[in-house]
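Each chain, letter by letter, is given below.
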Amino acid sequence: MFLGARELLFARGHFSLMGAVVALIALLVVLLSGLSTGLVNDGVSGLQRLPVTAFAFDDDTKTDSAFSRSVVSFDQVADWADQPGVAEAAPFGNALVNGSATGGDGRTVPVDLALFGVPAGSFLAPEPVEGNRLDDGDPAGIVISGTLADQGVRIGDTVVLDRIGTELTVVGTLAEQHTYGHVDVAYVPLATWQEVHAGAGPGDPLREEARSEATAVALLAEDGAQLDPAAGDDAAGTRTLTLEESFGASPGYTAETSTLNLIEGFLYVISALVIGAFFTVWTINRRHELAVIRAMGGTAGYLVRDTVAQAAVVLVLATAVGVLAGLGLGALLAGSSMPFALEAAPVATAAALLVLLGLLGAAAAAVRIARIDPLTALGGQR
Amino acid sequence: MTRGSAALELAHVTLRLGDGDAQVTALDDVTLDVTPGELVAVLGPSGSGKSSLLAVAGGLTRPDEGSVRVGGVDLATASRRELARYRREQVGFVFQSGNLIPALTAVDQLRFALRIAGRRADAAHTPELLLERVGMSARAGHRPHQLSGGERQRVGIARALVTRPSVLLVDEPTAALDRARSREIVALLAQETHEFGVATVMVTHDHDVIGACDRVLEMVDGKLGQVHAHS
Ligand SMILES: Nc1ncnc2c1ncn2[C@@H]1O[C@H](COP(=O)(O)OP(=O)(O)O)[C@@H](O)[C@H]1O
Ligand SMILES: [Mg+2]
């Protein structure tokens, strides 16, 4: 990059300007990525952390409302348990509730909860970092998300659900964030979930069928085995979504992630276009000297490589600056109440994509070099 | 001078430019031999075909008829790739007003030329020594915009010679210079042509500078001939 490097120094004003644009785009992409990860965590981290391969919902529920509308029976759970390749099948209950938590100090705070009803002895029951596991013998005992514990809800605190008045007691807390639909997850014994789901408070009668119902069948495939959703769905009268697909059933998840992905995608395209435009102008400005170099016997390939290498230097530097600034700003945001979480993989992928698409833009512009006629080096400014 | 000793041989070269009604015969049956160490001046008014002559001799374009032989190879039938290689390895161009690369210092102009040619400088002709030969040592670290017209031409001449070409093609080197500077530049070209044993063709419309040349030809409407008495 003999020429390219010297041009970077000579035209540093030009290149800094373009670098600044790329750095700002990189900063924005990092922030979007953090927001995206944060929203995904808030939306579905409770599902992500389940040891589940797929959920089988009632046959005729739509994906976007599957967790709120679907009802399956224990018969369907049993049908699935008999399917080949299924290591575990258990009923899983999901319900969004409001309530208030009262601590030992008598202070009461409102809480929004996603109740995950699971059989206490099943593979779905989580391992608390503090306190006890779920226990079917203690139907009021719940295990709460680490994020709820961070807000000051403690083991021994009481949670009273609005309207129906069910009283629950925190018996254990989880290490990490477990949220669903932007609210904290609380695991409850399935029997308790069935009452809450049916709207039955303490002492209220419960329909007989409600005792053998849940939202979906949670499925875990055997190691190395593949589930056969079609066969299982036929046998059990269900519709199976992979864990990943079931995220779409979390409230707002699809709309949020697709909006952010769209914006991020636009940023990549804008970045590639900006760089393409910059290098197009840069090439046109230099066409006379490029013609001179071609007249001296320099090949178009050599000049294109030199220009793309030049672009790579600017892109990598500018992206690094933008990403660092984004990480710094992100560290501030992560401490706030915004759903924001930076993870290495999506940030690295975003940075790599920016550089790659920028190079593509520069290369597309540099192709012009091949069309420069060395003959134009002779004579005046012809 | 026998024909066989010529470094550059153009025989019955015709070049037509443009198409249809706009077509012009830029070179019309041009024959020219230049021997190593000879500086040939080609005089002619604007539009007479001087640049076209350099383009054909320098492998920038192929003639429609005739042959252009350098070191026994005919450029008229060479591929584009072969032409580029010929330009890299055998030709030095000196352009009107220098045509230096704005981002490069004087010494880097020469280093870059070597790089393009894929050559290493021999010890007697390093970029530094060549800049010294053309009187530009003190300005080696300057970029073109920091140099005067004459200084740019000196760097341009050094850049053309650093790859040790066998053919030196010079396009109106004094177009942007005053009379005294023009004479200096042509004298320098003559000196280096003899020193390097390069076959040099310099085209110009400046009658004033031909005193230092070994041979002067005249170009009129694409035809190359002897100089008429009036000049
Ligand atoms: N690309 C071109 N297409 C058509 N005609 C051209 C082109 N380039 C030059 N010419 C014509 O060819 C003739 C010779 O041009 P040129 O070799 O540049 O002359 P000079 O260098 O002596 O001014 C002129 O009549 C010019 O107008
Ligand atoms: Mg000309």
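Note that the structure is a prediction, hence the values are computed from the model and not measured.

Another aspect to go through is the overall build of chain A. Within chain A, the secondary structure is distributed over twelve helices and 13 strands. Taken against the 2.2 N^0.38 rule, which gives 21 Å for 382 residues, the C-alpha radius of gyration of chain A at 29 Å runs more than 25% over that of a compact globule. The principal-axis extents of the C-alpha atoms in chain A amount to approximately 100 × 55 × 30 Å. In chain A, buried positions account for 51% of the 382 residues. Pairs at least 24 residues apart make up 79% of the contacts formed inside chain A by residues separated by at least 6 positions. Of the roughly 16900 Å² that chain A leaves accessible, carbon and sulfur atoms contribute 59%. If you average the places of the 19 positive and of the 41 negative side-chain charges in chain A, the two averages end up 23 Å apart.

The next point concerns helix 1 (residues 2-10) of chain A. Looking at helix 1 of chain A, one finds that the buried residues are Phe2, Leu3, Gly4, Glu7 and Leu8 of chain A. Packed against the buried residues of helix 1 of chain A are helix 2 (12-48), helix 9 (253-285), helix 10 (287-295) and helix 11 (300-334) of chain A together with helix 3 (106-117) of chain B.

Here we come to a nonpolar patch on the surface. Judged by side-chain polarity, Met1, Val313 and Leu317 of chain A come together as a nonpolar surface patch covering roughly 250 Å² of accessible area. Looking at where leucine 317 of chain A falls in the secondary structure, it is placed in helix 11.

This part covers the site of ligand 1. By nearness alone, 13 residues border ligand 1, and Gly47, Gly49, Lys50, Ser51 and Ser52 of chain B come closest of all. Neighbouring residues of ligand 1 are not confined to one chain but are distributed across chains A and B. Glycine 47 of chain B places a polar main-chain atom, nitrogen or oxygen, 2.6 Å from an oxygen atom of ligand 1. Between serine 51 of chain B and ligand 1, the recorded distance is 2.9 Å, taken from a side-chain N or O atom to an oxygen atom. Considered on its own, ligand 1 offers 560 Å² of accessible surface; in the complex 66% of this is hidden by protein.

This part takes up the pattern of salt bridges. Scanning all chains against the criterion turns up 24 salt bridges over all chains. Of the charged contacts in the structure, one is a salt bridge between arginine 133 of chain B and glutamate 192 of chain B, with a shortest N-O distance of 2.8 Å. Highlighted residues: arginine 133 of chain B in helix 4 (residues 127-133) and glutamate 192 of chain B in helix 6 (residues 179-196), separated in sequence by 59 residues. The class for arginine 133 of chain B is partly exposed, based on a relative accessible area of 32%. On the basis of relative accessible area, glutamate 192 of chain B is assigned to the buried category, the value being 1%. Measuring nitrogen to oxygen at the nearest pair gives 3.1 Å for the salt bridge that ties arginine 139 of chain B to glutamate 151 of chain B. On the criterion of sequence distance, the pair formed by arginine 139 of chain B in the loop between helix 4 and helix 5 (149-161) and glutamate 151 of chain B in helix 5 is long-range, its members being twelve residues apart. Accessibility expressed as a relative area gives 26% for arginine 139 of chain B, which makes it partly exposed. Overall, glutamate 151 of chain B belongs to the buried group, its relative accessible area being 18%. Within this structure, Arg6 of chain A together with Asp108, Arg111 and Glu128 of chain B form a network of salt bridges that share partners.

Residues and elements named next belong to chain B. Along strand 6 (residues 91-94), one buried face is formed by Val91 and Phe93 and the opposite face, lined by Gly92 and Val94, is buried too. In this structure, strand 6 lies alongside strand 7 (residues 167-171), joined through four bridges in parallel fashion. The residue bridging valine 91 from the neighbouring strand is valine 167, located in strand 7.

The positions UniProt marks with the feature "domain: MacB-like periplasmic core" (unreviewed entry) are residues 28-231 of chain A. In residues 28-231 of chain A, the share of helix is 25% and the share of strand is 34%. The end C-alpha atoms are 46 Å apart.

As a measure of interface size, the accessible area lost when the parts come together is often cited. Residue and element names in this part refer to chain A. Domain assignment breaks chain A into domain 1 (2-44 + 254-379) and domain 2 (60-236). Taken together, the six residues of domain 1 in the interface contact six residues of domain 2. Buried area between domain 1 and domain 2, both sides added, is near 450 Å², and the carbon and sulfur share of it is 34%. Taken as a group, Asn41, Asp42 and Gly43 account for 75% of the area that domain 1 buries against domain 2, more than any other trio of residues on that side. Summed over the shared surface of domain 1 and domain 2, the result is zero salt bridges. Where domain 1 meets domain 2, there are six residue pairs in polar contact (both at pLDDT 80 or more). The greatest single-element share of the side of domain 1 that touches domain 2, amounting to five residues, is contributed by helix 2.

The next thing to look at is empty space enclosed by the protein. Rolling a probe over the atoms, with the probe sized like a water molecule, indicates the empty space that remains. Residue and element names in this part refer to chain B. Under the counting rule described, the total for this entry stands at one cavity of 30 Å³ or more. Approximately 110 Å³ is the volume found for the largest cavity. Elements supplying a minimum of two residues to the lining of the largest cavity: helix 2 (80-90), strand 6, helix 3 and helix 5.

The geometry of two aromatic rings is summed up by the distance between their centres and the angle between their planes. Here the structure, examined in full by the defined rule, presents 17 aromatic pairs over all chains. Each ring, one from phenylalanine 2 of chain A and one from phenylalanine 112 of chain B, has its centre 5.7 Å from the other, and the planes form 10°; the classification is stacked. Pair noted here: phenylalanine 2 of chain A is in helix 1 and phenylalanine 112 of chain B is in helix 3, and the two residues belong to different chains. Considered together, phenylalanine 2 of chain A and phenylalanine 112 of chain B belong to a single accessibility category, that of buried residues. Arranged with centres 5.0 Å apart and planes meeting at 70°, the rings of phenylalanine 92 of chain A and phenylalanine 116 of chain A form a pair that is edge-to-face. Of this pair, phenylalanine 92 of chain A sits in strand 3 (residues 86-102) while phenylalanine 116 of chain A sits in strand 4 (residues 108-118), and the two are 24 residues apart along the sequence. Side by side, phenylalanine 92 of chain A and phenylalanine 116 of chain A carry an identical accessibility label, which is buried. Three or more aromatic residues joined by ring pairs make a cluster, and in this case those are Phe55, Phe57, Phe67, Phe92, Phe116, Tyr180 and Tyr187 of chain A. The aromatic ring of phenylalanine 2 of chain A is capped on one face by arginine 6 of chain A, whose charged end is 3.7 Å from the ring centroid.

Residue and element names in this part refer to chain B. With antiparallel pairing, four strands are arranged side by side in an open sheet as 2-1-4-5. The open sheet is flanked by strand 2 (24-34) and strand 5 (73-74), the only strands paired with a single partner. The strands touched by helix 1 (residues 50-57) are strand 1 (8-17), strand 2 and strand 4 (65-70); relative to strand 1, the strand with the most contacts, the crossing angle is about 120°.

Looking now at the interface of chain B and chain A. Taken together, the 27 residues of chain B in the interface contact 23 residues of chain A. Both sides of the chain B and chain A interface together cover about 2300 Å² of buried area, and 70% of this is carbon and sulfur. A salt bridge links aspartate 108 of chain B to arginine 6 of chain A; the nearest nitrogen and oxygen atoms lie 2.8 Å apart. On inspection of chain B and its partner chain A, the count reaches six residue pairs in polar contact (both at pLDDT 80 or more). Looking at the side of chain B that touches chain A, the elements with two or more residues in it are helix 1, helix 2 and helix 3 of chain B. Broken down by element, the side of chain B that touches chain A gets its largest block of residues, six residues, from helix 3 of chain B. Counted by class, the side of chain B that touches chain A contains 13 nonpolar, five polar and nine charged residues.

Here is what the cut-offs are and how they apply
- Residues numbered from 1 in each chain as written.
- Chains lettered and ligands numbered in written order.
- Predicted model: local features only at pLDDT ≥ 70, side-chain atom pairs only at ≥ 80, totals over all residues.
- Heavy atoms only, no water.
- Helix = DSSP H or I, 4+ residues; strand = E, 2+ residues; numbered from the N terminus.
- Rg over C-alpha atoms; globule rule 2.2 N^0.38 Å.
- Buried < 20%, exposed > 50% of the residue type's maximum accessible area, 1.4 Å probe, protein only.
- Contact = heavy atoms within 4.5 Å.
- Areas by Shrake-Rupley, 256 points an atom, 1.4 Å probe, with all protein chains shown as cover.
- Lys, Arg positive; Asp, Glu negative; His and termini not counted.
- Charge placed at Lys NZ, Arg CZ, Asp CG, Glu CD.
- Patch = residues over 30% accessible without salt bridge, like charges linked within 9 Å, V, L, I, M, F, W, Y side chains within 5 Å.
- Salt bridge = Lys/Arg side-chain N within 4 Å of Asp/Glu carboxyl O.
- Near = heavy atom within 4 Å.
- Polar contact = N/O pair within 3.5 Å; in protein donor to acceptor, adjacent residues only side chain to side chain.
- Pairing = 2+ DSSP bridges.
- UniProt positions renumbered as here; feature names shortened; annotations may be inferred.
- Domains from an automatic or database assignment.
- Buried area = accessible area lost by both parts, 1.4 Å probe.
- 1 Å grid on protein atoms, 1.4 Å probe; cavity = no way out; pocket = protein on both sides within 12 Å on 5 of 7 lines; lining within 4 Å.
- Points joined across faces, edges and corners; volume = space filled by probe spheres on them.
- Phe/Tyr/Trp six-rings, centres within 6.5 Å; stacked < 30°, edge-to-face > 60°.
- Lys NZ or Arg CZ within 6 Å of the ring centre and 35° of its normal.
- Axes fitted to C-alpha atoms, helices over the stretch in contact; angles between N-to-C directions.
- Nonpolar A, V, L, I, M, F, W, Y, C, P; charged D, E, K, R; others polar.

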